[in-house]
Amino acid sequence: MMNKFMKIIAGAVCSLALLLSVSTVAYADDIGAGGTGEGDGSGGSNVYTFSYLYDAGSDSIQLRVDTKYPLKSFGNSTTHTYTSPSDNITLYTQYPQLGSSLDGAISSMISQGGYNFTVAEVKSKLNDLGYYDKGNGVWKYSGGYLTYISATKIRPEPKKHTVAYNANGGTGSPGNQTKIENVTLTLSSKKPTRTGYSFQYWTASIGGTYYPSGSYTHDQDGGTVTMYANWKDDIAPNCSSFTAVPNYWSAGNGTVSFTARDQGTGLASVKLQRYSDVSKSWSDIKTWSYNGTTDAQSGSYTETSEGVFYYKITIKDKAGNTTTKTSNYIYLDHSNPVIHGTENTVTSWTKTAPVISVTATDYLSGTTYNGSGLKTLVIKNSSGSVMASGVNSASYTLSDAYQGTYTWTIVATDNVGHTSSKTVTTRFDKTGPECSSLVAVPNNWSAGNGTVSFTARDQWSGLASAVLQRYSYVTGTWSNVASWTFGNTTSYVSRTYTETSEGVFYYKLVLTDALGNTSSHTSATIYLDHSNPVIYGVENTVTDWTNVAPTISVSSTDYLTGTTYNGSGLKSIVIKDDAGVTVASGIASASYTLEKKYEGKHTWTIVATDNVNHTTTKTVTTKYDCTPPGIDGTEITFVKPDGVTVSGYCQDNIIEQHIDDEISRSSNGANLSSGVKSVILYRVTGSNREVIRTDRTQKTFAASDTHSYFDMYYEITSDEKTVSYYEIIVTDFAGNRVKKKLTSQYSLLSWFHTSIDRSTYE
């Protein structure tokens with residue numbers, strides 16, 4: 001199909017001033033010329049310059065009029081171009097100036113439109129249509145000016161048809177072309193474009209394959225032959241982004257993401273493969289299917305496995321074109337470090353300071369491939385304080401401050417923050433057990449038992465045993481007195497030992513723990529006096545009947561039994577009568593000589609008391625008789641010098657006497673007497689003493705008897721006139737002796753005739 005004529009207006013402005021006295025109307029041709037419109041209508045001078053130009057867009061020749069002065073009909077402009085047959089602006093001039101001729105516009109039309117005719121042929125056609133030339137190249141018709149000429153009406157009428165182009169999914173198709181019969185048409189050299197495709201050739205709707213700038217010779221009368229673009233998808237898909245992160249060691253997951261597109265046949269699939277630097281192998285990870293979409297597609301894969309990886313993505317379109325890209329490495333460490341060496345730590349009780357020596361590795365799980373690497377390895381005590389640290393190893397030897405049971409935490413941290421921890425419990429004990437109390441009482445003299453008690457503990461390895469040793473000040477020796485076993489308990493234990501032996505002691509407690517550590521603890525001194533005082537001297541007291549006041553003289557000691565070691569010491573020694581009245585006292589000795597009021601038989605109690613109130617008692621019975629026996633007779637007594645009878649007179653020459661030792665004779669209130677021991681009657685003549693031996697004049701008692709008595713009877717015979725006197729001698733068992741002189745009547749009458757001289761009886 002041929003192009004339309006172009007409107008041509010070339011402005012060569014002429015400065016010639018013309019006086020327009022006659023209004024001229026410009027007419028459009030009957031084949032599409034534009035009409036004239038209203039001019040300025042006021043006459044006057046103006047300059048009109050006519051220029052014919054070809055406008056290819058409308059395939060027409062157009063008139064452009066330039067004026068020196070603006071015209072209202074031009075919109076107060078100096079230029080107007082007629083672009084339509086309906087343009088009715090009136091031109092008021094008969095002599096326009098020619099700026100560009102019609103011939104030039106026709107030449108341009110033929111050239112640009114590809115018409116197969118000449119300028120003369122076009123002019124001839126115009127003449128046939130009724131246009132004529134005034135001679136200056138400006139064509140008029142019926143008195144008006146030719147303002148618009150459609151090329152459609154003036155071209156020749158051979159068979160022709162339109163060649164149209166269809167981009168068939170692409171863009172930028174060439175414009176339509178007109179094929180004139182018997183004229184070879186050169187197809188447009190312009191090629192359409194289509195994203196994702198390569199243009200191959202044109203396929204005509206009538207059949208056949210054509211190429212840009214190729215020859216087209218097909219003829220037909222009218223109609224349109226459409227050239228369809230033939231495309232081939234031989235362009236690999238586009239991958240606008242392909243990332244794999246993180247590209248440094250991380251504890252998290254990895255992310256592999258891509259954006260791909262194929263604007264040709266469309267995406268078919270995306271395949272993701274992974275290479276492990278740990279296993280040195282490839283593996284298919286994931287495939288995405290797209291069924292030919294031409295839109296951009298994004299995909300993401302989360303890498304949850306640990307390792308060192310890089311990835312390859314293969315993008316395939318429906319035509320089988322592929323694009324391959326490779327990612328950076330990612331580094332994923334999901335494994336905690338591994339701690340070694342805790343098993344070598346001594347965890348049972350020991351006296352030697354344990355050593356915690358550990359190392360750590362950071363291999364990826366199940367491999368010997370190093371992960372992110374170790375950052376720190378620390379040994380912490382139970383309070384969380386770091387006692388030793390390093391990167392791959394750490395070691396700590398326990399100080400004495402960590403005796404006991406302690407749990408140590410070993411923490412390994414890698415460079416992505418993964419941590420592993422292990423604990424190990426040490427039991428270190430180099431110190432003997434503690435003794436919170438060791439009490440030995442009494443710490444002064446006591447009559448009771450002693451008590452040694454202790455409370456002990458070994459909170460670490462445990463208390464194994466305790467041995468109690470005793471030192472005797474009496475013997476100057478040590479001895480083991482008690483022992484206990486405790487089965488390595490860590491609890492407090494208390495034990496008591498009762499000291500039943502007397503003496504002066506102190507104690508040493510030796511505690512032993514499960515590891516053999518010992519501690520020794522010494523007590524205070526205790527004083528135990530279990531011995532009664534010993535009383536001496538009682539045996540020296542006269543216990544037989546005596547007329548000499550007995551003396552009780554005693555002393556006491558308080559030695560511990562079987563020793564000469566003083567015990568608690570004497571507090572007192574007392575002598576008490578049988579009524580309990582103390583008659584003498586002292587500390588270590590006492591002495592008492594009986595007073596007469598204690599005539600008779602009395603039992604004396606001697607009590608020695610030591611400072612712990614032990615007592616020893618001894619008794620001794622005294623028989624004190626200081627009153628001689630009595631002799632009561634029937635004699636007549638005349639002489640009592642000083643009130644004391646010194647002689648008796650037996651006026652009937654009969655000696656009759658009652659002799660006893662009854663307590664009633666004592667002025668001291670005696671409770672008993674020693675009793676009559678012997679009675680004898682002497683006959684004294686001059687210096688001759690003669691015992692009168694009869695059972696009525698003489699008797700000896702075998703045993704002491706307070707109530708013993710003797711009734712003496714003797715008849716003096718007449719042949720005894722020369723006897724000076726008779727003497728009765730009575731003794732008691734106490735040694736008291738009493739004498740009584742008697743004179744018979746015979747003797748007195750023979751010696752004295754008138755009186756009795758006192759001296760005779762003495």
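Residues numbered from 1 in each chain as written. Predicted model: local features only at pLDDT ≥ 70, side-chain atom pairs only at ≥ 80, totals over all residues. Heavy atoms only, no water.

### A word on the overall build of the protein chain
The helix and strand inventory of the protein chain stands at three helices and 60 strands. Burial status across the protein chain gives 45% buried among its 762 residues. Within the protein chain, contacts between residues separated by at least 24 positions form 65% of all contacts whose residues are at least 6 apart in sequence. A total of about 35200 Å² of accessible surface is found on the protein chain, and carbon and sulfur atoms cover 45% of it. (Helix = DSSP H or I, 4+ residues; strand = E, 2+ residues; numbered from the N terminus. Buried < 20%, exposed > 50% of the residue type's maximum accessible area, 1.4 Å probe, protein only. Contact = heavy atoms within 4.5 Å. Areas by Shrake-Rupley, 256 points an atom, 1.4 Å probe, with all protein chains shown as cover.)

### Here's the deal with the sheet that holds strand β23 (residues 297-303)
Spatial ordering of the open sheet is given by β18-β20-β23, a layout of three strands whose pairing is antiparallel. Since the sheet does not close on itself, it has two edges, and those belong to β18 (238-245) and β23, each with one partner. The sheet shows a mean angle of 10° between the axes of neighbouring strands, direction not considered. (Pairing = 2+ DSSP bridges. Axes fitted to C-alpha atoms, helices over the stretch in contact; angles between N-to-C directions.)

### As for the nonpolar core
Counting residues in each nonpolar core, the largest one holds 26 residues, and the members touching the most others are I61, V65, L102, I106, M109 and V122. Going through the elements one at a time, β3 (48-55), β4 (60-71), α1 (102-113) and α2 (119-128) are the ones with two or more residues in this core. One finds A456, L463, F505 and L511 within the second-largest nonpolar core, a separate group that totals 20 residues. (Core = buried A, V, L, I, M, F, W, Y, C linked by side-chain atoms within 4.5 Å.)

### Observations concerning the packing of aromatic side chains
One pass over the full model with this rule turns up 31 aromatic pairs. Each ring, one from Y396 and one from Y402, has its centre 6.4 Å from the other, and the planes form 85°; the classification is edge-to-face. You can call Y396 buried: its relative accessible area is 12%. Ring-pair connections join several aromatic residues into one group, and the members of that group are W249, Y275, W282, Y310, Y329 and Y331. Cation over ring: K312 sits above W282, and NZ or CZ is 4.9 Å from the ring centre. If you follow R470 out to its NZ or CZ, it ends over the ring of F505, 4.6 Å from the centre. (Phe/Tyr/Trp six-rings, centres within 6.5 Å; stacked < 30°, edge-to-face > 60°. Lys NZ or Arg CZ within 6 Å of the ring centre and 35° of its normal.)

### Digging into the pairing of strand β50 (residues 600-610)
As a general feature of sheets, a regular strand has side chains that alternate between the two faces. In terms of burial, β50 is a largely internal element, eight of the eleven residues being buried. As defined by bridge partners, strand β47 (residues 570-576) adjoins β50 across six bridges and the pair is classed as antiparallel. What sits directly across from V574, in β50, is V607. Pairing of β50 with strand β51 (residues 615-624), which is carried by ten bridges, proceeds in the antiparallel orientation. The residue bridging A608 from the neighbouring strand is T616, located in β51.

### With respect to unusual backbone geometry
Note: most residues except glycine have negative phi, and most peptide bonds are trans. In the segment running from V245 into P246, the intervening peptide bond is cis, with an omega of 0°. Checked against the element boundaries, P246 lands in the loop between β18 and β19 (249-250). Going from V441 to P442, the amide bond is cis rather than trans, its omega being 5°. Within the element layout of this structure, P442 appears in the loop between β35 (434-441) and β36 (445-446). Phi is positive for S213, close to 65°, though the residue is something other than glycine. You can see S213 is positioned in the loop between β15 (209-210) and β16 (215-216). We classify S213 as partly exposed; its relative accessible area is 42%. A positive phi angle, near 60°, is found at N291, a position not held by glycine. By secondary structure assignment, the location of N291 is in strand β22 (residues 281-293).

### Side note on the side chain of Q657
Relative to the elements of secondary structure, Q657 occurs in strand β54 (residues 654-660). Here the side chain of Q657 touches G633 through a polar contact of 3.1 Å, landing on its backbone nitrogen. A polar contact is formed between the side chain of Q657 and the side chain of K740, at a distance of 2.7 Å. (Polar contact = N/O pair within 3.5 Å; in protein donor to acceptor, adjacent residues only side chain to side chain.)

### Quick notes on the pattern of salt bridges
Evaluation of the coordinates by the stated rule reveals 14 salt bridges. We note a salt bridge from D277 to K280, for which the minimum N-O separation is 3.1 Å. A cluster of three or more residues bridged by salt bridges with shared partners is formed by D632, D660 and R665. (Salt bridge = Lys/Arg side-chain N within 4 Å of Asp/Glu carboxyl O.)

### Examining the sheet that holds strand β32 (residues 393-397)
Read across the sheet, three strands follow the order β27-β29-β32 without closing on themselves; strand pairing throughout is antiparallel. At either end of the open sheet lies a strand with only one pairing partner, and these are β27 (338-340) and β32. When the angles between neighbouring strand axes are averaged without regard to direction, this sheet yields 20°. Where strand β29 (residues 355-361) meets β32, five bridges bridge the pair, whose relative direction is antiparallel. Across the sheet, V358 pairs through a bridge with A394, a residue of β32.

### Here's the deal with the side chain of T557
For T557, the position within the fold is in strand β46 (residues 551-557). At a separation of 3.4 Å, a polar atom in the side chain of T557 contacts the side chain of Y536. The contacts of T557, once residues within four sequence positions are left out, are P533, V534, Y536 and L570.

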